[in-house]
Amino acid sequence: MKRLLVTYAIPSESLNALKERFEVIVPEEGSFSREEVLRLVPNCEAMLSMFSFKVDREVMDAGKSLKIISNFGVGYNNIDISYAKERGIVVTNTPDPVVEPTAELAFALMSDLARRVSECDAKLKRRDDGLKWGVMENLGVGLWGKRLGIVGLGNIGKAIARRALVSGMEVVYYNRHPLSWLEEDYLGVSYLPFEELLATSDYLSLNTPLTESTFHLMDQTTIAQMKRGAFLINTARGPVVDEAALVSALRSGHLAGAGLDVYEFEPAITDDLLTMDNVVLVPHIGTATMDARIEMGNYAAENILLFFRGEEPLSVVVGEK
Ligand code: 8YV
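Residues numbered from 1 in each chain as written. Predicted model: local features only at pLDDT ≥ 70, side-chain atom pairs only at ≥ 80, totals over all residues. Heavy atoms only, no water.

*Asks:* When you look at helix H5 (residues 99-115) in this model, what are you seeing that I'm missing?
*Replies:* If you check H5, its first and last C-alpha atoms are 25 Å apart, about what 17 residues at 1.5 Å a residue would give, namely 24 Å. Within H5, 12 of the 17 residues are buried, which leaves it mostly tucked inside the rest of the structure. Along H5, the residues classified as buried are Val 99, Pro 101, Thr 102, Ala 103, Leu 105, Ala 106, Phe 107, Leu 109, Met 110, Asp 112, Leu 113 and Ala 114. Count one or two residues on from H5 and you reach Arg 116, which has phi positive near 55 degrees. (Helix = DSSP H or I, 4+ residues; strand = E, 2+ residues; numbered from the N terminus. Expected span 1.5 Å × (residues − 1). Buried < 20%, exposed > 50% of the residue type's maximum accessible area, 1.4 Å probe, protein only.)

In structure tokens:
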């Protein structure tokens, strides 16, 4: 029987079909440590990995028999893709089940910031004397009539755009390769050059993968190019934003607020962010619903099953297409 190493205790129902065909090595709860993975992987033909676990050269060298790495999640910046290519290891991911939950969270962060929900909630709960009730108190900005700029209009960006449009927002986007006018028309979005997008968006949502070219895409220069009083939402990957530059733009008042699901030094969070009322923070929960976790698990499992049946996996990052 082939062996599959699952680095994290994902929903057990997602592993049922795999257990019929593989010896599945999975932690009872939480995740295997790096040392455990290095000890267990040598005998495994397949690995089901998580964004928080680095699958680098050392792991792949230890995994002499590895044929496939099925990543649980859409983002695969945790995997040394060029080494997987070199070794001929197929890498797959789970783009479809993450779309709606991530869009939901991005929209929740944006709505929260727009109407200062978490800020008021926290002040009320700690009976903060600074919280005043009154017609001219706790004024937010709102979403209706405002412009949302989406950096990276892939499937998640499009799902955010749909939500924004029904909320009365105007949606503009920047992609390295703009969509066709037909698709723009169908979605109700318009392309803008990056600098124009930054300068005119009231809300900026980051939805790019983390690559060499998106590392610190939002740094001191690009954050300064953002419209004064704008809000930044990041549900993509932390290092897309230079967190120190973000903190100083929030301190100076250039940015009105930020909604963050991901962090440059995750799981560490820059201390200053923890003290700011106009910052809404959540611990990388973009796809954290039970439904999504099961769907992601099933999808990651299906990728492995299809591969070993000699069929095309659902979503291939590296390997035969
Ligand atoms: C997951 C994510 O929480 O899909 C991604 O890239 O970051 C999230 O959906 C994560 O991948 C869990 O491994």
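There is more to say, and it comes next.
*Asks:* Got a minute to help me understand the nonpolar core in this structure?
*Replies:* Generally speaking, nonpolar side chains in soluble globular proteins are found buried as a group. Counting 48 residues, the largest nonpolar core has Leu 4 and Leu 18 as its most contacted members. Considering every element that reaches this core, the biggest residue donor is H5, with 9 residues. Setting aside its immediate chain neighbours within four residues, Leu 18 contacts Leu 4, Val 24, Ala 301, Ile 304 and Leu 305. By size, the runner-up hydrophobic cluster in this structure holds 28 residues, among which are Leu 192, Phe 194, Leu 204 and Tyr 263. (Core = buried A, V, L, I, M, F, W, Y, C linked by side-chain atoms within 4.5 Å. Contact = heavy atoms within 4.5 Å.)

*Asks:* Please explain the site of the ligand as it appears in this structure.
*Replies:* Close to the ligand lie Met 50, Phe 51, Phe 72, Gly 73, Val 74, Gly 75, Val 98, Arg 237, His 284, Thr 287, Arg 293 and Met 296, which account for all nearby residues. At 2.9 Å, a backbone N or O of Phe 72 approaches an oxygen atom of the ligand. Contacts to the ligand include Thr 287, whose side-chain N or O atom sits 2.7 Å from an oxygen atom. Across the complex, the protein chains shield 93% of the 320 Å² of accessible surface that the ligand would expose by itself. (Near = heavy atom within 4 Å. Polar contact = N/O pair within 3.5 Å; in protein donor to acceptor, adjacent residues only side chain to side chain. Areas by Shrake-Rupley, 256 points an atom, 1.4 Å probe, with all protein chains shown as cover.)

*Asks:* Whenever I open this one, unusual backbone geometry confuses me. Can you help?
*Replies:* Glycine aside, negative phi is the norm for most residues, and most peptide bonds take the trans geometry. Between Glu 266 and the following residue, Pro 267, the backbone shows a cis peptide bond with an omega angle of 5 degrees. With respect to the element layout, Pro 267 can be found in the loop between strand E11 (255-260) and helix H12 (271-274). If you check the backbone angles, Arg 116 has positive phi at about 55 degrees while not being a glycine. Within the secondary structure layout, Arg 116 lies in the loop between H5 and helix H6 (117-125). Residue class for Arg 116 comes out partly exposed when judged on its relative accessible area of 26%. Backbone geometry at His 216 places phi at a positive 55 degrees, although glycine is not the residue there. Note that His 216 resides in the loop between strand E9 (203-206) and helix H10 (220-225).

*Asks:* Before we go on, may I ask you to explain the environment of Asp 112 in this structure?
*Replies:* Within the secondary structure layout, Asp 112 lies in helix H5. Residue class for Asp 112 comes out buried when judged on its relative accessible area of 14%. Taking the C-alpha atoms as reference points, Asp 112 and Asn 43, 69 residues apart in sequence, are found 48 Å from one another. Residue contacts for Asp 112: discarding those within four places in its chain leaves Val 117, Ser 118 and Val 280.

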